[in-house]
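Per-entry structural report
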Amino acid sequence: MSDDGHLKPATLAANPPGGAVADGAVVPPWQPATTYTAGGESNYSYLRADGPQFADAERRLAALENGADALLFGSGMAAADAVFRGLAPGSRVIIPEIMYWALRDWLKGGGSGLALDIASVPNGDAAALRQALASAPTALVWIETPANPLWSITDIAETAELSHAAGARLAVDSTAATPILTRPLELGADIVMHSATKYLNGHSDVLAGALVTARDDEAWARIRTCRTYGGANAGTFEAWLLVRGMRTLALRVERASANAMELAQRLSNHADIVEVLYPGLPHHRGHAIAQRQMQGGFGGMLSIRVKGGYEAAARVAGATRLFHQATSLGGVESLIEHRAPVEGPTSPVPDDLLRLSVGIEDVDDLHADLLSALAGG
Ligand SMILES: *Cc1c(COP(=O)(O)O)cnc(C)c1O
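Residues numbered from 1 in each chain as written. Predicted model: local features only at pLDDT ≥ 70, side-chain atom pairs only at ≥ 80, totals over all residues. Heavy atoms only, no water.

**Observations regarding the site of the ligand**
Around the ligand, the structure places 14 residues, and the nearest of them are Met 77, Asp 173, Ser 195, Thr 197 and Lys 198. Met 77 places a main-chain nitrogen or oxygen 2.8 Å from an oxygen atom of the ligand. The separation between an oxygen atom of the ligand and a polar side-chain atom of Thr 197 is 2.7 Å. Summarising the interface, the protein chains cover 93% of the accessible area of the ligand, which totals 380 Å² for the free molecule. At the level of secondary structure, the elements contributing two or more residues to the shell around the ligand comprise helix H3 (76-85) and strand E6 (191-195). (Near = heavy atom within 4 Å. Polar contact = N/O pair within 3.5 Å; in protein donor to acceptor, adjacent residues only side chain to side chain. Areas by Shrake-Rupley, 256 points an atom, 1.4 Å probe, with all protein chains shown as cover. Helix = DSSP H or I, 4+ residues; strand = E, 2+ residues; numbered from the N terminus.)

If you want it as structure tokens, here you go:
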């Protein structure tokens, strides 16, 4: 675990110790070099293996998640892929039924070409997980919490205990929670994954992913090899921009969470809304667990189900003025997306669901925008 474990996430994001670099500058320089002089001042050789720009971002990510080491990737999907690619062929993996759609499709749809035995269990269902773990030796349990796009909550500590008792490792996609609200490694997870494209960068201008490990062990070495040989690195400028974005992570996440909570409450009794899905609401199925494992808020993501089904959802998504109708999440600007047409006919997501990535704008303006769209624009 990192020596900076006693410092709070807001400090580690904005101003981690050891952050000052050459000439006393308080921000890191951008170093685009792809190759380094042999026998020179550093141990760096070729950028696909490692470089100072990655190392700077990774040091910050490891401190934020209180992990032993971190690896930066070219996207969240590349980071997740390296975890699965690092497993022995034939390994059994348990994933949730509802999770980030592209990753589920990559694993279950066979497109990845990975020879893995993939089983899925309902999100947050400990009894089903226990049963799945008992039915065959399992290498890895993968969870996402809050899980896109229903924002279902899974108890990380309980899942870690069950997984470890069965000899499996636990990886957590913590993109929606961010290290400001949840630190899965402290709750017993072995690996935490982020789409750094989302909250960590926060400005919708970087594609990147990250893994942080609890231990620098053999499994981690295999993942590192997957990145180095597979060439799944981020660009150096992306790494620099990511660090710049991370400096305001705590402020952005706190504001987005507060806005999302306020909108969830205000929309709960709206006549044209069937259901508001947000873990901060007391009636949400995972609320008690979320309260335990999330600190300082429940995140900036919420979904609403609108009356009138698919057609009504499509109409509302096209009628907002502040909420951009766009995919992705975690930026300072609010986004709205009708998920059904994106995920296709095999998706378990309701037809009438709109996913909102709540930004840091004024909450009254966001509320008025949604009310106007619900009323017909
Ligand atoms: C976006 C996202 C991913 C994939 O990350 P990319 O950076 O788009 O490759 C994985 N999981 C979650 C929860 C995401 O939101």
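**Let's talk about the domain arrangement of the protein chain**
With domains assigned, the protein chain is organised as domain 1 (9-246) and domain 2 (250-374). If you average the C-alpha positions of domain 1 and of domain 2, the two centres end up 25 Å apart. In this assembly, 35 residues from domain 1 lie in contact with 40 residues from domain 2. Between domain 1 and domain 2 the total buried area reaches about 2900 Å² when both faces are included, carbon and sulfur atoms providing 60% of it. Among the residues of domain 1 in contact with domain 2, Trp 101, Leu 181 and Tyr 199 are the three that bury the most area, contributing 27% of the side total. (Domains from an automatic or database assignment. Contact = heavy atoms within 4.5 Å. Buried area = accessible area lost by both parts, 1.4 Å probe.)

**Description of the pairing of strand E3 (residues 117-121)**
Where strand E2 (residues 92-96) lies against E3, 5 bridges are found, and the strand directions are parallel. When the sheet's bridge partners are listed, Ile 94 is paired in E3 with Ala 119. Crossover connection from E2 via helix H4 (residues 101-108) to parallel E3: handedness right-handed. (Pairing = 2+ DSSP bridges. Right-handed = clockwise from strand over helix to strand, strands pointing away.)

**Some thoughts on the packing of aromatic side chains**
Under the counting rule described, the total for this entry stands at 5 aromatic pairs. Pairing Tyr 278 with Phe 298 gives two aromatic rings, centres 6.5 Å apart and planes at 75 degrees, and the pair type is edge-to-face. Linking Tyr 278 in the loop between strand E8 (273-277) and helix H11 (287-293) with Phe 298 in the loop between H11 and strand E9 (301-306), this pair joins segments that are 20 residues apart in sequence. One exposure class covers both Tyr 278 and Phe 298, and it is buried. Clustering of aromatic rings is evident, with ring pairs tying together Trp 30, Phe 237 and Trp 240. (Phe/Tyr/Trp six-rings, centres within 6.5 Å; stacked < 30°, edge-to-face > 60°. Buried < 20%, exposed > 50% of the residue type's maximum accessible area, 1.4 Å probe, protein only.)

**Regarding unusual backbone geometry**
A cis amide bond links Thr 145 to the next residue, Pro 146, at an omega of -10 degrees. Of note, Pro 146 is situated in the loop between strand E4 (140-144) and helix H6 (156-165). In this structure, Trp 151 is a non-glycine residue whose phi angle is positive, near 60 degrees. The exposure class of Trp 151 is buried, given its relative accessible area of 1%. Phi is positive for Thr 178, close to 65 degrees, though the residue is something other than glycine. Secondary-structure assignment places Thr 178 in helix H7 (residues 178-181).

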